[in-house]
Amino acid sequence: MNHGTHRAPLAPARSGVPEHGRVPKYYLVKTRVEELIGELGPGGRLPTEADLAERCGVARATVRQALRELLLEGRLRRRGRGTVVAGAKIEQPLSLASYTEGVTRQGLRPGRTLIALDRQPADPALADRLAVPPGEPLWHLERVLRADEERVGLESTYLPVARVPDLATEFDPAGSLYGHLRERGVHLAGAEERIETVLATPREALLIGTPPALPMLLLHRRSRDADGRPLELARTLYRGDRFSFTLDLTAPTTD
C-alpha cells in the first residue's frame, strides 16, 4: 500500500546540536529512536518505554518526551498499547486540483463523510469575501476528509446558491466538489490561499478523531471563476502528523 512518497528529508544542520554543544537528554533519546525508525521501517513496532529507558540510560519520563515529539511530527503512531513506525506523510500539492485528485495520485483512496449541507444567509463578512449582497443565500458544506478510510481532515466550504442551485439534490457529498462544478460548466481559474498552524477546537478534534493538542495545518482558500468573480470560500484543516504540502516554484521572468 502506498502511503505517500518515501523521500528522506534533509537532516537538521549539525544534526540539530546547538553551537554550545549542550544537548537535552530527551533529544539524544529522540535521535536514537530515529535510528530505530530507519531500521524498522513503516509498521515496525518500537520497544516499550521501559526497554528504551534501559537502553538509553535515562528515566522513562525522558523517553516519553522524545516519543511525544515523534508522535506529533507523524514519525510514529499509537497502535493498541504499543507504538509503531508511521508511513510517509501524504503530500498534497498546493494547486487548484481537488483533494480527490491529490490523494488519488499517491495511490490512496480518497473519501469524505458529510457533516452538514445547508443554506444560510450571507453575513456581512462572508458577503464581502464572496462579493454578494448581505443576506444572499449560501450553501455551507462541511465534510470530514478521509484517505484509505482514515480521518485526516475537515473541510468547510461556502458557495453562493445562485451559482450552484442543484448542490443539495445532484451533488454526491462523497465526491469531488470541483468535479461537480466542472460538469456544470463552472471552472475555477485562480485562488488566494493562506496556510497557518493551529490547534483544532474540541468539536473539530472530535470529528477528525485526534487529540486537541495535535497541531493542524489550516488552509484558507478563496477561489475565482474565469471572470474573476469569487466562487468559493473554503476553510480546511489537515492533520499535521499526516500531511505535507508541495509547491512547484519558478523563477520570475526578467526583461
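Next up on the list: the overall build of the protein. Scanning the protein from terminus to terminus reveals eight helices and ten strands. If you line up the protein on its principal axes, its C-alpha atoms span 65 × 55 × 35 Å. When each of the 255 residues of the protein is scored for burial, the buried share is 44%. Accessible surface, the protein as shown: approximately 14,100 Å² in total, 53% of it carbon and sulfur. Side chains of the protein carry 37 positive and 34 negative charges; the gap between the two charge centres is 7 Å.

The strand order E4-E5-E6-E9-E8-E7 describes an open sheet built from six strands, whose pairing is antiparallel. Both outer strands of the open sheet, strand E4 (110-121) and strand E7 (188-199), are each paired with one neighbouring strand and no more. Mean inter-strand twist for the sheet, computed between neighbouring axes without regard to direction, equals 15°.

Moving on to the confidence of the model for the protein. Taken as a whole, the protein shows an average pLDDT of 87; of its residues, 90% reach a score of 70 or greater. When pLDDT is averaged over each helix and strand of the protein, the minimum, 76, is found for helix H4 (residues 99-104) and the maximum, 96, for strand E5 (residues 137-147). pLDDT under 50 marks residues 1-7. Its contacts with residues more than four places away, or in other chains, come to 18 contacts.

Val29, Val33, Leu46, Leu52, Val63, Leu67 and Leu76 are the most contacted members of the largest nonpolar core, which totals 16 residues. For this core, the secondary structure elements donating two or more residues are helix H1 (25-40), helix H2 (49-56) and helix H3 (60-72). By residue number, the principal contributor to this core is H3, which donates five residues. Once residues lying within four places of it in the same chain are set aside, the contact partners of Leu52 are Val33, Leu36, Leu46, Pro47, Val63 and Leu67. Ranked by size, the runner-up nonpolar core spans twelve residues in total, among them Trp139, Leu141, Val164 and Val186.

What follows deals with the side chain of Arg221. By the secondary structure assignment, Arg221 is in strand E8 (residues 215-225). Of note is the side chain of Arg221, whose polar atom sits 2.8 Å from the side chain of Glu193.

In this section: the packing of H1 against H3. Where H1 meets H3, the axes come as close as 8 Å, and the angle between the chain directions of the two elements is 55°. The angle between the axes of H1 and H3 places the two elements in the oblique class. In the crossing of H1 with H3, the sense of the turn from one axis to the other is right-handed. Packed against H1, whose contacting residues are Lys25, Tyr26, Val29, Lys30, Val33, Glu34 and Ile37, the element H3 presents Thr62, Val63, Gln65, Ala66, Leu67, Glu69 and Leu70 at the interface. The residue makeup of the contact of H1 with H3, split by class, is eight nonpolar, two polar and four charged.

For the rest of this paragraph, the subject is empty space enclosed by the protein. This model, assessed by the stated rule, comprises one cavity of 30 Å³ or more. Counted as a void, the largest cavity has a volume near 250 Å³. Surrounding the largest cavity, 22 residues form its lining, Tyr99, Glu155, Tyr178, Arg221 and Tyr238 being those nearest its centre. Among the residues forming the lining of the largest cavity, the class breakdown is ten nonpolar, six polar and six charged.

Right, let's get into H3. Spanning 13 residues, H3 covers 18 Å between terminal C-alpha atoms, matching the ideal 18 Å at 1.5 Å per step. Residues Thr62, Val63, Ala66, Leu67, Leu70 and Leu71 constitute the buried set of H3.

With that settled, consider unusual backbone geometry. One non-glycine residue, Ala131, lies in the positive phi region at around 55°. The residue Ala131 is located in the loop between helix H5 (124-130) and E5 in this model. Residues other than glycine seldom take positive phi values, yet Glu149 does so here, at roughly 75°. By the secondary structure assignment, Glu149 is in the loop between E5 and strand E6 (150-160). For Glu149, a relative accessible area of 53% gives the class exposed.

Scanning the model with the defined rule gives four aromatic pairs in all. When the centroid spacing of 4.7 Å and the interplanar angle of 55° are considered together, the rings of Tyr238 and Phe243 count as tilted. For Tyr238, a relative accessible area of 6% gives the class buried. Overall, Phe243 belongs to the buried group, its relative accessible area being 2%. Ring centres of Tyr238 and Phe245 lie 5.1 Å apart, and the angle between their planes is 75°; on these two criteria the pair is classed as edge-to-face. Relative accessible area serves as the criterion here: at 21%, Phe245 is assigned to the partly exposed category. The structure contains a cluster of three or more aromatic residues connected by ring pairs, namely Tyr238, Phe243 and Phe245.

Rules used in this analysis
- Numbering of residues starts from 1 in every chain and runs along the sequence as written.
- For this predicted model, a pLDDT threshold of at least 70 governs which residues receive local features, and a threshold of 80 or more governs which side-chain atom pairs are given and counted, while totals over whole chains, interfaces and linings are taken from all residues.
- Working from all heavy atoms in the structure, the side-chain values ignore hydrogens and water.
- The helix and strand labels rest on DSSP assignments: H or I over at least four residues marks a helix, E over at least two residues marks a strand, and numbering proceeds from the N terminus.
- Accessible area is worked out with a 1.4 Å probe on protein chains only. A residue is then buried under 20% of its type maximum, exposed over 50%, and partly exposed in between.
- For accessible areas, the Shrake-Rupley method is used with a probe of radius 1.4 Å. Any residue's cover is judged against the shown protein chains and nothing else.
- His residues and chain termini do not enter the charge count, which takes Lys and Arg as positive and Asp and Glu as negative.
- Here the site of a charge means NZ on Lys, CZ on Arg, CG on Asp, or CD on Glu.
- Strands were regarded as paired on the criterion that DSSP finds at least two bridges between them.
- Think of each axis as a best-fit line through the C-alpha atoms, taken over the contacting stretch in the case of a helix, with angles from 0 to 180 degrees between the N-to-C directions.
- Within a predicted model, pLDDT stands for the predictor's per-residue confidence, ranging from 0 to 100.
- Contact definition: two residues touch when any of their heavy atoms are within 4.5 Å.
- Only buried Ala, Val, Leu, Ile, Met, Phe, Trp, Tyr and Cys residues count toward a nonpolar core, and they belong to the same one when joined by side-chain atoms within 4.5 Å.
- Side-chain atoms alone can form a polar contact between residues adjacent in sequence; in general such a contact is a pair of N or O atoms within 3.5 Å, and within protein one must be able to donate a hydrogen while the other accepts it.
- Note on angle classes: values under 35 degrees are labelled roughly parallel, values over 145 roughly antiparallel, values of 65 to 115 roughly perpendicular, and the remainder oblique.
- By convention, the crossing between two helices is left-handed when the near helix turns anticlockwise from the far helix through less than a right angle, and right-handed when the turn is clockwise.
- Residues are grouped as follows: nonpolar covers Ala, Val, Leu, Ile, Met, Phe, Trp, Tyr, Cys and Pro; charged covers Asp, Glu, Lys and Arg; every other residue, Gly included, is treated as polar.
- In this analysis, the protein atoms alone were mapped onto a 1 Å grid. Cavities are point sets where a 1.4 Å probe fits without being able to get out; pockets are open sets with protein on both sides within 12 Å along at least five of seven lines; lining residues have an atom within 4 Å of a point.
- Grid points are joined across faces, edges and corners, and a volume is the space filled by probe spheres set on the points.
- One less than the residue count of a helix, multiplied by 1.5 Å, gives the span that helix is expected to have.
- Geometry of aromatic contacts follows a simple scheme: Phe, Tyr and Trp rings, the Trp one being its six-membered ring, pair when their centres are within 6.5 Å, and the pair is stacked under 30 degrees between planes, edge-to-face over 60, tilted otherwise.

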